[in-house]
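Fold and contact review
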Amino acid sequence: MPAAPRIAPGQLFSPEDWAPFRARSAVAGPLLVAHCWGVIALAVALGVWIPWLIPLSVMIIGTRQLGLAILMHEAAHGGLSRNLKLNYFLGHWLCAVPVGASLASYRPYHLAHHRFAQQAEDPDLMLSAPFPVSPASLRRKLIRDLTGQTFFKQRVLLPLAALRGRAAERATDDHAYEALVTGRSILPFVLVNAALLAGFAVAGVWWAFFVLWLLPMATWFPMATRIRNIAEHACVEGSAEDAFRAARTTRANWLERAFIAPYWVNFHAEHHLFMHVPCWKLPALHRAVHARPEGERMEVAGGYAEVLRAATAGHAGR
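Note that the coordinates shown come from a computational prediction; the quantities given were computed from them, not determined experimentally.

Digging into the packing of aromatic side chains
- According to the stated counting rule, one finds 10 aromatic pairs in the structure shown.
- An angle of 40° between the planes, with centres 5.5 Å apart, marks the rings of W18 and F21 as tilted. With W18 and F21 both in helix α1 (residues 15-22), this residue pair falls three residues apart, about one helical turn. For the residue pair W18 and F21, the accessibility class agrees, reading buried in each case.
- Among the aromatic side chains, those forming a connected cluster through ring pairs are F13, W18, F21 and F274.
- R64 extends its terminal NZ or CZ atom over the ring of Y263, reaching a point 4.9 Å from the ring centre.

So, the nonpolar core
- Counting residues in hydrophobic clusters, the biggest one holds 80 residues, and the most contacted among them are L273, F274 and L285.
- Of all the elements, helix α3 (residues 54-76) adds the most residues to this core, at 12 residues.
- If near-sequence neighbours (up to four positions away) are discounted, L273 is found in contact with I7, L12, A243, F244, V289 and M298.

A look at the packing of helix α10 (residues 186-202) against helix α11 (residues 206-218)
- One way to put it is that α10 packs onto α11 with a least axis distance of 7 Å and a crossing angle of 140°. Between α10 and α11, the crossing angle belongs to the class labelled oblique. The hand of the α10/α11 crossing is right-handed. Side by side, α10 and α11 meet where F189, N193, L196, L197, F200 and A201 of the first sit next to W206, A208, F209, F210, W213 and M217 of the second.
- Residue composition of the contact of α10 with α11, grouped by class: 11 nonpolar, one polar and no charged.

With respect to the environment of G148
- Following the sequence through the fold, G148 ends up in the loop between α7 (135-146) and α8 (149-163).
- According to the relative accessible area criterion, G148 is buried, its value standing at 14%.
- Note: C-alpha distance between G148 and T219 (71 residues apart in sequence) is 5.3 Å.
- With sequence-adjacent residues up to four places away left out, G148 is seen in contact with A218 and T219.

Details of the environment of L56
- Note that L56 resides in helix α3.
- Measuring from C-alpha to C-alpha, the distance between L56 and A43 comes to 8.3 Å, with 13 residues separating the pair along the chain.
- The contact partners of L56, leaving out residues within four places of it in the chain, are L46 and F259.

A few points about helix α5 (residues 103-115)
- Spanning 13 residues, α5 covers 18 Å between terminal C-alpha atoms, matching the ideal 18 Å at 1.5 Å per step.
- Residues of α5 that are buried include every one of L103, S105, Y106, Y109, H110, H113 and H114, and no others. Buried residues of α5, seen end-on, are gathered within an arc of 155° and therefore sit on one face of the element.

A closer look at the side chain of H268
- As for its placement among the helices and strands, H268 is situated in helix α14 (residues 268-273).
- Beyond its immediate chain neighbours, meaning those up to four positions away, H268 contacts H113, E232, H233, A247, R248 and T249.

Concerning unusual backbone geometry
- The amide bond that connects F131 to the next residue, P132, takes the cis arrangement and shows omega of 10°.
- For P132, the location among the structural elements is in the loop between α6 (125-128) and α7.
- Despite not being glycine, Y263 has its phi angle at roughly 55°, a positive value.
- Along the chain, Y263 falls in the loop between α13 (254-259) and α14.
- The exposure class of Y263 is buried, given its relative accessible area of 7%.

Overview of the state of the cysteines
- Under the definition given, this model contains zero disulfides.
- Not engaged in a disulfide, the cysteine C36 finds its nearest cysteine sulfur in C95; these two sulfurs lie 6.9 Å apart.

Quick notes on the pattern of salt bridges
- Under the definition given, this model contains six salt bridges.
- Between D242 and R297 there is a salt bridge whose closest N-O contact spans 3.0 Å. One end of the pair, D242, is in the loop between α12 (220-233) and β1 (248-250); the other, R297, is in the loop between α15 (282-290) and β2 (299-301), with 55 residues separating them in the sequence.
- The residue R248 makes a salt bridge to E299 at a minimum N-O spacing of 4.0 Å. In this pair, R248 is assigned in strand β1 and E299 in strand β2, connecting sequence segments 51 residues apart.
- Residue R248 is classed as buried on the basis of its relative accessible area, which comes to 3%.

Analysis parameters
- Residues numbered from 1 in each chain as written.
- Predicted model: local features only at pLDDT ≥ 70, side-chain atom pairs only at ≥ 80, totals over all residues.
- Heavy atoms only, no water.
- Phe/Tyr/Trp six-rings, centres within 6.5 Å; stacked < 30°, edge-to-face > 60°.
- Helix = DSSP H or I, 4+ residues; strand = E, 2+ residues; numbered from the N terminus.
- Buried < 20%, exposed > 50% of the residue type's maximum accessible area, 1.4 Å probe, protein only.
- Lys NZ or Arg CZ within 6 Å of the ring centre and 35° of its normal.
- Core = buried A, V, L, I, M, F, W, Y, C linked by side-chain atoms within 4.5 Å.
- Contact = heavy atoms within 4.5 Å.
- Axes fitted to C-alpha atoms, helices over the stretch in contact; angles between N-to-C directions.
- Parallel < 35°, antiparallel > 145°, perpendicular 65-115°, else oblique.
- Left-handed = near helix turned anticlockwise from the far one by under 90°.
- Nonpolar A, V, L, I, M, F, W, Y, C, P; charged D, E, K, R; others polar.
- Expected span 1.5 Å × (residues − 1).
- Arc of directions from axis to C-beta.
- Disulfide = S-S within 2.5 Å.
- Salt bridge = Lys/Arg side-chain N within 4 Å of Asp/Glu carboxyl O.

Laid out in structure tokens, this is it:
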């Protein structure tokens, strides 16, 4: 099996220049988890207090549910805490389980993605290989996300199939791995969400669990996840041969960071280049890499609209 091409930090940086990127914080990871849940709580309160702002709350909460998945990803790299037990607790119970995932299942899968990025053995290849697609095909995918069809397939049909022993390979490009993990972690997911429902009921707003937690998870979360997946690897030429082109970085403005790409997930080329650098240091790493000639080889998009245009370029048919 050919592994993805790699470079060592020493090929770009002196030990002194690289030292800040190696350092781990004891508080940054827990603060990011607290921030994510704090934003969710404020958006819930906003929707309860001013009901006509519920659509805005749904978008904010759906993006922060993606944020929880991103912080689970950070925990898979040991980035939420230097204490392994705390890293697991934060990444699994406070990030993965509430949105239906499992850190223990995700970690080996994701590390295989890094080892074989854009090779035939890459378990995430199905997410980027079909692109470019036609604009109509992309619209259909996004409509399935926003109407809850992707959620129903992932969180109901595929977990039921997994429980009945059917092959998980029947999953299609609709975020197959997330569905598989949900099947493996369905009981913790149900228990944690039952506790959330109980908390909403005690607060006298039981309906908010369905409108301001479950609805974002069923609509905006899968759509933002799909756009993120497309942006990370789709239509990047030379990604299987050049470590600097293993992924795409997307320059995200504040609206895109608020509604599509939280917690620096848009700096994906830098993450693949040096996967153990904490997510909050990726903007500085981006500047440091691009200060060197090799950085010019990296794929950088000017925004998510540009990415989606590239993902549908040259395909006007159905």
